[in-house]
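As a plain string of letters, each chain reads:
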Amino acid sequence: MRVEALEPSVLRIVGWGVFEDLVLRNPEVGLRTIRLLGERIETYEGRLVDLVRKEVLARLADLILRLSEREGTVPEGDYRIPARYTHNQLVSMVGSNREAVTRALGTLRKAGAVETRDRRIYVMDATVLEDFAGAVR
Amino acid sequence: MIEGIPEERLLLNGVDILRGLSLDEMECLARRSDVARLGKGEGLTLGGGHRGILLLVSGRVRVHEPNLGSQDPTFSIVEGATVVGHIDSAPNFRGRCASKRSSRRS
């Protein structure tokens, strides 16, 4: 596993023994960690299943939905994903290649599910996007 | 920075799983863990013998696997301040903190 900074970042590497000591003194830290990592595992499992069951189009639609739910704002009734996600990052999160993701984004745009303006992705019709996201092979 | 409180402790206090811990605990954790400061585009490769927890104190990182062929899949993009993940490489155990129960800051 490798961590790449997308902006200047500070990380702390906490050894297992140190962390165990901390949790023994503060059990709530352990409970929060379990809850958080449990949610991550659930997300990763979903993505793993999607890699097998879904085409790129459905995976991209699902990713856009998840990102907009997690990070989106609602300016004047539409959802947008912050421009912090580059095309290449979306490609690697979907687990595909640039061309396929560009094609899929074009399909979503034509269907009225999303719009791209000023390097941002706007969710224009979440229901249409959900339909795409739910499509299996 | 709040007067008298080192920046490192304040930053750790912002990490979601550590919220509410006493300043003593923050100081202890800061003392017993290693820090990695990455500039934009810089990377940290994790692997090896030990195990631990990787915390993103501030900033934004991509967690990926560069050795899986040409795809370089992104597992997640994490924004501070939270747990990045469980790792199998961590610094050696250094010292111990006092075993008193921490008091919550309100």
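Residues numbered from 1 in each chain as written. Chains lettered and ligands numbered in written order. Predicted model: local features only at pLDDT ≥ 70, side-chain atom pairs only at ≥ 80, totals over all residues.

A. Quick peek at the overall build of chain A. When helices and strands are tallied, chain A shows six helices and four strands. Counting from the amino terminus, helix and strand elements in chain A follow one another as β-α-α-α-β-α-α-β-β-α. Counting over 137 residues, chain A shows a buried share of 37%. For chain A, long-range pairs separated by at least 24 residues make up 56% of all intrachain contacts whose partners lie at least 6 apart in sequence. (Helix = DSSP H or I, 4+ residues; strand = E, 2+ residues; numbered from the N terminus. Buried ≥ 20, exposed ≤ 12 C-beta atoms within 10 Å, placed from the backbone. Contact = placed C-beta atoms within 7 Å.)

B. Summary view of the overall build of chain B. When helices and strands are counted, chain B shows two helices and five strands. Listed N to C, the secondary structure of chain B is α-α-β-β-β-β-β in terms of helices and strands. The contacts of chain B with a sequence gap of at least 6 include a subset with a gap of at least 24, amounting to 53%.

C. Structural view of the interface of chain B and chain A. In this complex, chain B contributes 60 residues to the contact, which on the side of chain A involves 33 residues. Put simply, the parts of the chain that give the side of chain B that touches chain A at least two residues each are helix 2 (23-32), strand 1 (34-38), strand 2 (43-45), strand 3 (52-64), strand 4 (74-79) and strand 5 (82-87) of chain B. In terms of residues, the side of chain B that touches chain A owes the most to one element, strand 3 of chain B, which gives 13 residues. Its residues assigned to classes, the side of chain B that touches chain A comprises 28 nonpolar, 18 polar and 14 charged. Two elements, strand 1 (residues 2-15) of chain A and strand 2 of chain B, share three bridges in a ladder whose sense is antiparallel. Of the residues in strand 2 of chain B, the one forming a bridge with R2 of chain A is T45 of chain B. (Nonpolar A, V, L, I, M, F, W, Y, C, P; charged D, E, K, R; others polar. Pairing = 2+ DSSP bridges.)

D. Representation of the environment of S33 of chain B. Within the secondary structure, S33 of chain B is located in the loop between helix 2 and strand 1. When near neighbours in sequence (up to four residues on either side) are disregarded, S33 of chain B contacts R12, I13, V14 and V18 of chain A.

E. Here's a closer look at the environment of L105 of chain A. All names here are of chain A. Mapped onto the secondary structure, L105 falls in helix 5 (residues 98-110). Accessibility expressed as a C-beta count within 10 Å gives 21 for L105, which makes it buried. Sequence separation of L105 and R25 is 80 residues, and the distance between their C-alpha atoms is 49 Å.

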